[in-house]
There are 2 protein chains.
Amino acid sequence: MKAISKTNEAVYERACNVLTGGVSRNTIFRKPHPYYVATAKGSYITDIEGVERIDFANNMASLIHGHSHPAITEAVTDQLKKGTAFTLGTEAEVKFAEHMIARSGTFERMRFVNSGTEAVMTMLKTSRVYTKKPKIAKAEGAYHGTYDYAEVSQTSNPENWGSIDKPNSNRVVDGTPQGVLDDVIIYPFNDIERTLNILNEYADEIACVLIDPVPHRVGLFPATEEFIRAIYNWTRANDALMVFDEVVTYRVNYGGKQDSFSVKPDLTAMGKMIGGGFPIGALAGRADIMEVLDPRGRILRHPHSGTFSANPVSTTAGRVAMELFDQEAVLKLNALTNTAIHQIEEAIKIADVPISIVGAGSMFRLHLQKNKPKSYREAYQTKEKKGLINELLDYMFLKENIIMINTGACMFATSLTQKEVDRLSEGLLNGFKLLKPKLHRLVGVY
Amino acid sequence: MKAISKTNEAVYERACNVLTGGVSRNTIFRKPHPYYVATAKGSYITDIEGVERIDFANNMASLIHGHSHPAITEAVTDQLKKGTAFTLGTEAEVKFAEHMIARSGTFERMRFVNSGTEAVMTMLKTSRVYTKKPKIAKAEGAYHGTYDYAEVSQTSNPENWGSIDKPNSNRVVDGTPQGVLDDVIIYPFNDIERTLNILNEYADEIACVLIDPVPHRVGLFPATEEFIRAIYNWTRANDALMVFDEVVTYRVNYGGKQDSFSVKPDLTAMGKMIGGGFPIGALAGRADIMEVLDPRGRILRHPHSGTFSANPVSTTAGRVAMELFDQEAVLKLNALTNTAIHQIEEAIKIADVPISIVGAGSMFRLHLQKNKPKSYREAYQTKEKKGLINELLDYMFLKENIIMINTGACMFATSLTQKEVDRLSEGLLNGFKLLKPKLHRLVGVY
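Residues numbered from 1 in each chain as written. Chains lettered and ligands numbered in written order. Predicted model: local features only at pLDDT ≥ 70, side-chain atom pairs only at ≥ 80, totals over all residues. Heavy atoms only, no water.

Enquirer: Which parts of the structure should I look at to understand the domain arrangement of chain A?
Expert: Accessible area lost upon the coming together of the parts is a frequently used measure of interface size. Residues and elements named next belong to chain A. Taken as a whole, chain A is organised into domain 1 (35-64 + 326-445) and domain 2 (70-324). Each partner contributes to the interface: domain 1 provides 33 residues, whereas domain 2 provides 34 residues. For the domain 1 and domain 2 pair, buried surface summed over both sides reaches about 2,700 Å², with 61% attributable to carbon and sulfur atoms. Counting the contacts that link domain 1 with domain 2 gives 1 salt bridge. Note that Glu140 and Arg377 form a salt bridge whose closest N and O atoms lie 2.8 Å from each other. Inspection of the region where domain 1 meets domain 2 yields 14 residue pairs in polar contact (both at pLDDT 80 or more). Those elements giving two or more residues to the side of domain 1 that touches domain 2 turn out to be helix H2 (58-61), helix H12 (327-351), strand S11 (356-360), strand S12 (363-367), helix H13 (376-379) and strand S14 (409-411). Across the side of domain 1 that touches domain 2, the residue classes tally to 18 nonpolar, 10 polar and 5 charged. (Domains from an automatic or database assignment. Contact = heavy atoms within 4.5 Å. Buried area = accessible area lost by both parts, 1.4 Å probe. Salt bridge = Lys/Arg side-chain N within 4 Å of Asp/Glu carboxyl O. Polar contact = N/O pair within 3.5 Å; in protein donor to acceptor, adjacent residues only side chain to side chain. Helix = DSSP H or I, 4+ residues; strand = E, 2+ residues; numbered from the N terminus. Nonpolar A, V, L, I, M, F, W, Y, C, P; charged D, E, K, R; others polar.)

Enquirer: Would you explain helix H4 (residues 91-103) of chain A in this entry?
Expert: The α-helix winds at 3.6 residues per turn, so residues separated by three or four positions along the chain end up facing the same way. Taking 1.5 Å as the rise per residue, H4 of chain A with 13 residues should run 18 Å; its terminal C-alpha atoms sit 19 Å apart, in good agreement. Judged by how many residues are buried, H4 of chain A sits mostly within the fold: 10 of 13 residues are covered. Within H4 of chain A, burial applies to Glu91, Ala92, Glu93, Val94, Phe96, Ala97, His99, Met100, Ile101 and Arg103 of chain A. Check the buried side of H4 of chain A and you find it contacts strand S4 (109-113), strand S9 (267-271), helix H11 (312-324) and H12 of chain A together with helix H1 (8-16) of chain B. (Expected span 1.5 Å × (residues − 1). Buried < 20%, exposed > 50% of the residue type's maximum accessible area, 1.4 Å probe, protein only.)

Enquirer: Is there a simple way to think about the environment of Arg111 of chain A in this case?
Expert: Mapped onto the fold, Arg111 of chain A is located in strand S4. By relative accessible area, Arg111 of chain A is classed as buried at 1%. Each C-alpha atom, one on Arg111 of chain A and one on Ala310 of chain A, is 7.9 Å from the other, the two residues being 199 residues apart in sequence. Not counting residues within four places of it along the chain, the set of residues in contact with Arg111 of chain A comprises Gly281, Ala282, Leu283, Met290, Leu293, Pro295 and His304 of chain A together with Thr20, Val23, Ser24, Arg25 and Asn26 of chain B. Within the local environment of Arg111 of chain A, its side chain forms a polar contact with the backbone oxygen of His304 of chain A, the two atoms lying 3.1 Å apart.

Enquirer: Looking at this model, I keep getting lost on the packing of aromatic side chains. Mind explaining?
Expert: For any pair of aromatic rings, geometry is given as the distance between the ring centres together with the angle between the planes. Taken as a whole, this structure holds 27 aromatic pairs over all chains when the rule is applied. Ring centres 6.4 Å apart and planes at 80° place the aromatic pair Tyr147 of chain A and Tyr147 of chain B in the edge-to-face group. A residue pair is termed interchain when its members come from two chains, as with Tyr147 of chain A in the loop between strand S5 (135-139) and helix H6 (148-151) and Tyr147 of chain B in the loop between strand S5 (135-139) and helix H6 (148-151). A relative accessible area of 0% places Tyr147 of chain A in the buried class. One aromatic cluster is present, formed by Tyr147 and Tyr149 of chain A together with Tyr147 and Tyr149 of chain B through successive ring pairs. For the cation-ring pair, Arg30 of chain B lies above Phe397 of chain B, with the distance from its terminal atom to the ring centre recorded as 4.0 Å. (Phe/Tyr/Trp six-rings, centres within 6.5 Å; stacked < 30°, edge-to-face > 60°. Lys NZ or Arg CZ within 6 Å of the ring centre and 35° of its normal.)

Enquirer: Explain the sheet that holds strand S4 (residues 109-113) of chain B to me, please; I cannot follow it from the model alone.
Expert: Residues and elements named next belong to chain B. With mixed pairing, the 7 strands of this open sheet are ordered in space as S4-S10-S9-S8-S7-S5-S6. Only two strands of the sheet have a single neighbouring strand rather than two, namely S4 and strand S6 (184-187). Looking at each pair of strands side by side, their axes are set apart by 20° on average, direction ignored. Of the strand pairs in this sheet, strand S7 (residues 206-211) and strand S8 (residues 241-245) are connected by 4 bridges, and their pairing is parallel. The residue bridging Cys208 from the neighbouring strand is Leu241, located in S8. Packed onto the sheet, helix H9 (residues 225-237) meets S6, S7 and S8 and runs at close to 140° relative to S8. (Pairing = 2+ DSSP bridges. Axes fitted to C-alpha atoms, helices over the stretch in contact; angles between N-to-C directions.)

This is the structure in structure tokens:
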């Protein structure tokens, strides 16, 4: 059976008989059916029907060099012949840790896991052990993986989010125990006064304040220097930790988004791009905190292992990818992204549509509103807006052959060039024009 | 720099400067330093100092065909050229799911994740959504990964385990919130009367009874048919689910350990060997329960994704590995393991030591006691026994060049032959003789 004889629809039909909803992750779901990859190289993906598309999603920001980068493919191919997983160590994990610690001012010790979800979970558990306190504070709307304590209020909406002075702790998954909600405190991102008031109320119980410094689902605008400094000072005064989720944002600077701030997190969770295209997560930070994980301690305060953690395939691919993403590569990629943002802003002007664009480093997100949103609640997509974004993304995918992220975001890779950026901004200009009548009707409503 | 010039000690010294405790997972830690793999093929691992050892640990049961199996290496090498991760689907995930559902009578729908930890977490969350109840019941001493709710009482000891009629819910990681302990009910494995009494006390609140059908840390003896049937009947009567953790035990029969029982679990979590040596986890089970994960529903009851979930490398390697592990291969491997068990029992007789051996399928574990343990508390290793097991394992590793799992267990791979089994039983005989005087002194104490 040749791939050419298959259609995306036919594969999805088979998928529906074996996978719930026909997909193994909701990310790839689209109506009437998802698309299936035959092959991908750099920034181009060809599906099983032979259609080639430009990839601005890069597996939700996880491929910093695009697809099948030759140096990564070569290093992994070499490792495959030597084995992929052992009950012993490999030098690959040591070399990768050495690289990451050398590039990041705040990393003294680290540990690898298998995903961003596991990295955040390990970080929150480590914070509780170190501080001997049970509660976590996190931003309304922020996505931090699927650990119950990390996902509270990620999908809060106008009907359940409550007062902005004290946002509600809401379940994301039905059946989340009440105990989880009781131990997660929700703060409004970048809102210093309200956040400090909320934190003060639980000062004795908060183990850590969890911050994604450019939270995608909140709106993809960066934390302000003032906000980070306020949280830092509060945590110093209240025996709590300030911990960053840089699973997505580590790409923003050479040493992560944290490089932008005058004060630094105590612990950092990573994932996505640091695996070079393979499953990974990592926790890094102050040695005195990470020590709670040390198996040489008199008692095991936080026994931590994981069958595939630090496997030599993910750590080899990750090291090669990160070595290639050097200071110069970071600046070049951010500059290209900046060019794209300017071109898209120009397209917004030409089309004369109430759309704004926000982001940081090599990422941006479109919002269907004239003024850039400054909070989760301002950026919140109503059902109508979500419908229009989906229309735009469908148009881009099906007519312009351009893949974006389902929120209306792009996460760049070093395999992109000015040529693809031009295709993106031209495609978006066409899309904006198509959307314009509906958008103006919608904005009229609000 | 050539690998030959490096020592295990020197690499560990570097590791201590970057990784907490010098390791990224406690599993590989050993005093005075871990060992680092240069290359591995089949059942042989060569470390960076050039020492070759026979591998009976297989990365904690995750390599069912040993290291660098040519068919897996070839399939993955081919996939690498086509890309490793996308925001779109691949046929690889569909083909693998089709294989797993065809081989397992109880699987109607499934989803892939990145590790056994994630698989168990997703299973427990799915159980809560479906039943609308908050509590989990799990066996004292059983290991199910690092999700807080799954790890409660995994390390219970005589000082904190409480009455066997109502085992305590104990923290494994310091700082685990009280809410977690309140929502996890501990039962004594294979003890029908006590377990049912405990479950009855919380009948209205239990979402699922979590069972590893051959729990390694409990002692690696199988659940009895009667116990499984009792739990099954109780869950039917009380609107709860019976869910299996087969991350380790799926290897026992062609369709998992569950093939052995007359009643079947509603959901099954998998991991380890089904990834063919690459990071994976999976959740499978009844379609009507799995439906809570369906993104096509009117409301998202359990939104579920994951950046690397169902990536084409893990799903390709997994499918190839599982296709090779066909009915015949399973029986052949179990027969070889059985031969090993008989030879080791013979060695125990010859050495005349108070040691017993238990297991199932392609796994077994040694216990430093004459009679086979039947419960976690009977199998519990005191500090003295743990010390002797470590002495035995060190002897095997350093003098016999044989790698076992740190509890005194072996998990076989199809790459093993009678030759390696003879080496194992001869090595153990030598080890038993060395241990004998200390063992007799210890048994005298108890």
